[in-house]
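# Architecture and fold: a report
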Amino acid sequence: MQAKTEKEGKEKEVAAAEDLMREHGILRRTLLVYGEAATRLTQRPDSVSPEALQRGAKLFRSFGEEYHEKQLEEAFIFPALKKKGGEAASLSDVLITQHNRGREITEYILSVTNTAKLGANASALAEALRGFVRMYENHSAREDSIIFPAWKDAISGAEYSELSEKFEEIEHQQFGEDGFDDAVKQIGEIEASLGLVDLAQFTASIPPPA
Ligand SMILES: [Fe+2]
Ligand SMILES: [Fe+2]
């Protein structure tokens, strides 16, 4: 009974834009892992476990590229914006180009981390990771602040509610009942394997006296 009550609590509706933005949260945490790995690869290549990066790239592929990008943004968000025209429509073309470039970089990460030691690939991999992080930080921030609000404006309230449910349905089809929770768990494990779990370690130092 306990489990059911918990489950019912989780059934509170997640509207489409919130859904997309919290998915960005998972993807951004993967970018933070990539950024940290790129720094370590430059300083001490042996300190980066290829397996952790491989898991990060697999998560980005399944949750980011195959689901969030392909099944939500490319299937519903961008087509509605293209129909409406304006700034958001022209940004959509760039965003699609970036999805495709991201997939090429993910493919590269998956291929070079499929090894026990990164060795000779370390510096090229660090460069690819930095490029990916720079692109996708810009990409997801534009989506959160321009694309998703424009999309919400472009469709009716009824359509928005309908699509909020549809997005949930797609998530369940793709990953089962707990898609988002599983992704949170996975990124947490990847962070743990690189010593990045403790949030307090990222609290900035006190600034120097002015
Ligand atoms: Fe996107
Ligand atoms: Fe996105």
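Our subject in this report is the structure included herewith. This structure is a prediction, so every number in the text was calculated from the model and none was measured.

A word on the overall build of the protein. Scanning the protein for helices and strands turns up seven helices and zero strands. Starting at the N terminus, the α and β elements of the protein follow one another as α-α-α-α-α-α-α. Projected onto its principal axes, the C-alpha positions of the protein cover 55 × 50 × 50 Å. Burial analysis of the protein (210 residues in total) assigns 27% to the buried set. The contacts of the protein with a sequence gap of at least 6 include a subset with a gap of at least 24, amounting to 80%.

On to the nonpolar core. Counting residues in hydrophobic clusters, the biggest one holds 26 residues, and the most contacted among them are Tyr 34, Ala 37, Ala 38, Leu 41, Leu 125, Leu 129 and Val 133. Every element with two or more residues in this core is listed here: helix H2 (16-43), helix H3 (50-84), helix H4 (87-112), helix H5 (122-154) and helix H7 (179-193). Considering every element that reaches this core, the biggest residue donor is H2, with seven residues. With 14 residues, the next largest nonpolar core counts Ile 77, Phe 78, Ala 88 and Ala 150 among its residues.

Okay, H5 next. With 33 residues, H5 extends 45 Å from end C-alpha to end C-alpha; this agrees with the ideal 48 Å at 1.5 Å per step. Its axis deflected by about 45° at Glu 143, H5 carries its strongest bend there.

Next up on the list: helix H6 (residues 157-175). For an α-helix, the turn length of 3.6 residues means that residues three or four places apart are oriented alike. If you check H6, its first and last C-alpha atoms are 27 Å apart, about what 19 residues at 1.5 Å a residue would give, namely 27 Å. Taken together, the buried positions of H6 are Leu 163, Phe 167 and Glu 171. For H6, the angular spread of buried residues about the axis comes to 85°, placing them on one side. Counted as exposed and oriented over 90 degrees from the buried face of H6: Ala 158, Glu 169, His 172 and Gln 173. Residues of H6 that are buried in the fold lie against H2, H3 and H7.

For any two helices packed against each other, the geometry comes down to the angle between their axes and how far apart the axes lie. For the pair H2 and H7, interaxial distance at closest approach is 10 Å and the crossing angle is 15°. Between H2 and H7, the crossing angle belongs to the class labelled roughly parallel. Both H2 and H7 take part in a crossing whose hand is left-handed. Across from Arg 22, Ile 26, Arg 29, Thr 30 and Val 33 in H2, the residues of H7 making contact are Phe 180, Ala 183, Val 184, Ile 187, Ile 190 and Glu 191. Residues belonging to the contact of H2 with H7 are distributed by class as follows: seven nonpolar, one polar and three charged.

Reading the values: rules and limits
Within every chain, residues take consecutive numbers counted from 1 along the sequence as written. Throughout, the order in which chains and ligands are written sets their labels, letters from A for the former and numbers from 1 for the latter. At least 70 in pLDDT is required for a residue's local features to be given in this predicted model, at least 80 for side-chain atom pairs to be given and counted, and no such filter applies to totals for whole chains, interfaces and linings, which use all residues. Helix and strand definitions here come from DSSP, where helices need a minimum of 4 consecutive H or I residues and strands a minimum of 2 consecutive E residues; each element is numbered from the N-terminal end. Exposure classification rests on a simple neighbour count of other C-beta atoms within 10 Å of a residue's own: a residue reaching 20 or more is buried, one at 12 or fewer is exposed, and one in between is partly exposed. C-beta atoms are placed from the backbone. Residue pairs are scored as contacts if the distance between their C-beta atoms, which are placed from the backbone, is within 7 Å. The nonpolar core criterion groups buried Ala, Val, Leu, Ile, Met, Phe, Trp, Tyr and Cys residues into a set whenever they are joined through C-beta atoms within 7 Å. Expected span, for any helix, means 1.5 Å times one less than how many residues it has. Given a residue, its bend is the angle between the two axes fitted to the seven residues that end at it and to the seven that start from it. Picture the helix axis, draw a direction to every C-beta atom, and the arc is the one those directions span. For helices, the axis comes from a line fit to the C-alpha atoms of the stretch in contact; other axes are also lines fit to C-alpha atoms, and the angle between any two N-to-C directions lies between 0 and 180 degrees. Put simply, angles under 35 degrees are roughly parallel, angles over 145 are roughly antiparallel, angles from 65 to 115 are roughly perpendicular, and the rest are oblique. Here a crossing is taken to be left-handed if its near helix is turned anticlockwise relative to the far helix by less than a right angle, and right-handed if that turn runs clockwise. Here the term charged refers only to Asp, Glu, Lys and Arg, the term nonpolar to Ala, Val, Leu, Ile, Met, Phe, Trp, Tyr, Cys and Pro, and the term polar to all other amino acids, Gly among them.

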